[in-house]
Amino acid sequence: MSSFVAIGDVAEINPRVSRGLAQESERTVSFVPMAGVSEDGRLSEVLEKPLREVLRGYTYFERGDVLLAKITPCMENGKAAHVADLPHSVGFGSTEFHVLRPGPKVDGRYLFYMIWNPKFRFAAKNKMSGAAGQQRVPTDFLKTYKFPLPPLDEQRRIAATLDRAEAIRRKRQESIRLTEEFLRSTFLEMFGDPVTNPKGWEVVDLGSISQIQGGLQVTTKRSGNPLEIPYLRVANVYRDRLDLREIKTMAVTHAELERVKLAKGDILVVEGHGNPEEIGRSSVWNASINPCIHQNHLIRARVYSSVADPIFISAYINSPGGRQQLFSFGKTTSGLNTINISNVKNTKVLLPPLPLQENYRRIVESVKVFQTKANRSLGLNDNLFNSLTHRAFRGEL
């Protein structure tokens, strides 16, 4: 049976540097910037610095502590880590970290999983304070937040169970990453460097081998239109990947539907984005929703099938050769980075022989079948992990 305790009763919150340590100014310590803590609960970057450079103005912690990003949106996104494998016993990092130092009654790994689970993050988000965009989790919230604390042996058993579940999930993620890397290397092997074009493929304007079409503006003035049709927006289109988990609808006329209705093989290019690196990203429509249209922040390119394959053309747009061009076309207005239809038409693309493009498409289609299965398995792993953490911190695991 687990008793519920406050974090502050079993862990020290934001411990201070000891006087003895402060005197070791030339000592080498580990340094972890905010970017060094990943959203999947790991240290992704650890630097080395002399103590004198970081003693003032940074957050102190030690090997075995738990780091939690205190600022939005880092906290909500899961930036936290148990620094059990810190290269040096002492570390410093971003001032936007809270530090939890486990006491003798709580296992560090168990404490990490407790603050990394969605229930805790939801509660912490609701207690944030400060100006919009700069809200932080208060120290007092951490001190008083209560969670189930079984005996140490049981804590370690629960943490080990969650470690195994998380390891399986990470293997699935890694397998998906490797397939993406395989496609990039296959593209380079088949077509050469997309920037330098060492194989001397023909170079053409995208507009010369496709029909380019803008989308419809989302506005309240559409409410009286007769048709309610699903539409794609920027949040649905990534680099050679579609995310169709949330699809919105738009009221349109019959004429508008005919003009912008998507067909299988249409390339969708992102026209506007807050991040300039993301303008021009593209993916190929799979016709899984019919009918479907697109809003004006996406530009459609419908390539002529007699000369080009959309899978290849989209891969080129997303390669360094395409990205470099679309980035250079970008204009910034009111914080939004944009390109226009003319920019897309004028984008130079390589045009290898169609049979070679089609060979690449077949490879991509085979890999996508594997990725679909891997993503489905990853979704099941995510559900399992979330279920385990939910049960663990209700005292039911």
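Now for a look at the structure at hand. Since the structure is predicted, the reported quantities are computational estimates derived from the model, not experimental observations.

Rules and cut-offs
Per chain, residue numbering runs from 1 following the sequence as it is written. For this predicted model, a pLDDT threshold of at least 70 governs which residues receive local features, and a threshold of 80 or more governs which side-chain atom pairs are given and counted, while totals over whole chains, interfaces and linings are taken from all residues. Side-chain numbers here rest on the full set of heavy atoms in the structure, without hydrogens or water. Under the DSSP-based scheme used, a helix requires at least four consecutive residues in state H or I and a strand at least two consecutive residues in state E, with every element numbered from the N terminus. Remark: exposure states derive from per-residue accessible area (1.4 Å probe, protein chains only) relative to the maximum for the residue type, with buried under 20%, exposed over 50%, and partly exposed in between. In this description, contact between two residues means that some pair of their heavy atoms is separated by no more than 4.5 Å. All accessible areas in this document rest on Shrake-Rupley with a 1.4 Å probe, and a residue is counted as covered only by the protein chains that are shown. In the sections that follow, a salt bridge refers to a side-chain nitrogen of Lys or Arg positioned within 4 Å of a carboxyl oxygen of Asp or Glu. At least two bridges found by DSSP between two strands are what make those strands a pair. Only the stretch in contact is used when a helix axis is fitted, and all axes are lines through C-alpha atoms; the angle between N-to-C directions ranges over 0 to 180 degrees.

## Some words on the overall build of the protein
Phase 1 of the analysis: When helices and strands are counted, the protein shows twelve helices and 24 strands.
Phase 2 of the analysis: With respect to the principal axes defined by its C-alpha atoms, the protein has extents near 75 × 50 × 40 Å.
Phase 3 of the analysis: Per-residue burial for the protein yields a buried fraction of 47% across its 397 residues.
Phase 4 of the analysis: Considering only contacts within the protein whose residues lie at least 6 apart along the sequence, 78% involve residues at least 24 apart.
Phase 5 of the analysis: When the accessible surface of the protein is summed, it comes to about 19,700 Å², and 50% of that surface belongs to carbon and sulfur atoms.

## Brief notes about the pattern of salt bridges
Phase 1 of the analysis: Inspection of the entire model under this criterion finds 22 salt bridges.
Phase 2 of the analysis: Between glutamate 174 and arginine 177 there is a salt bridge; the shortest N-O distance is 2.7 Å. Placement of the pair is glutamate 174 and arginine 177 together in helix H7 (residues 152-191), with a separation of three residues, close to one helical turn.
Phase 3 of the analysis: Residues aspartate 309 and arginine 361 are paired through a salt bridge, measuring 2.6 Å at the closest nitrogen-oxygen approach. Placement of the pair is aspartate 309 in the loop between strand E21 (298-303) and helix H9 (310-318) and arginine 361 in helix H12 (residues 354-392), with a sequence separation of 52 residues.
Phase 4 of the analysis: Assessed through its relative accessible area of 6%, aspartate 309 is described here as buried.

## Here we look at the sheet that holds strand E3 (residues 28-32)
By definition, the strands of a sheet pair up through backbone hydrogen bonds, in either a parallel or an antiparallel sense.
Phase 1 of the analysis: Taken in spatial order, the four strands of this open sheet run E4-E3-E8-E5, and their pairing is mixed. In this open sheet, the two strands that pair with only one neighbour each are strand E4 (47-50) and strand E5 (59-62). Each neighbouring strand pair of the sheet contributes to a mean axis angle of 40 degrees, computed without reference to strand direction.
Phase 2 of the analysis: Two elements, E5 and strand E8 (residues 90-93), share four bridges in a ladder whose sense is antiparallel. Along E8, the bridge assignment pairs glutamate 62 with valine 90.

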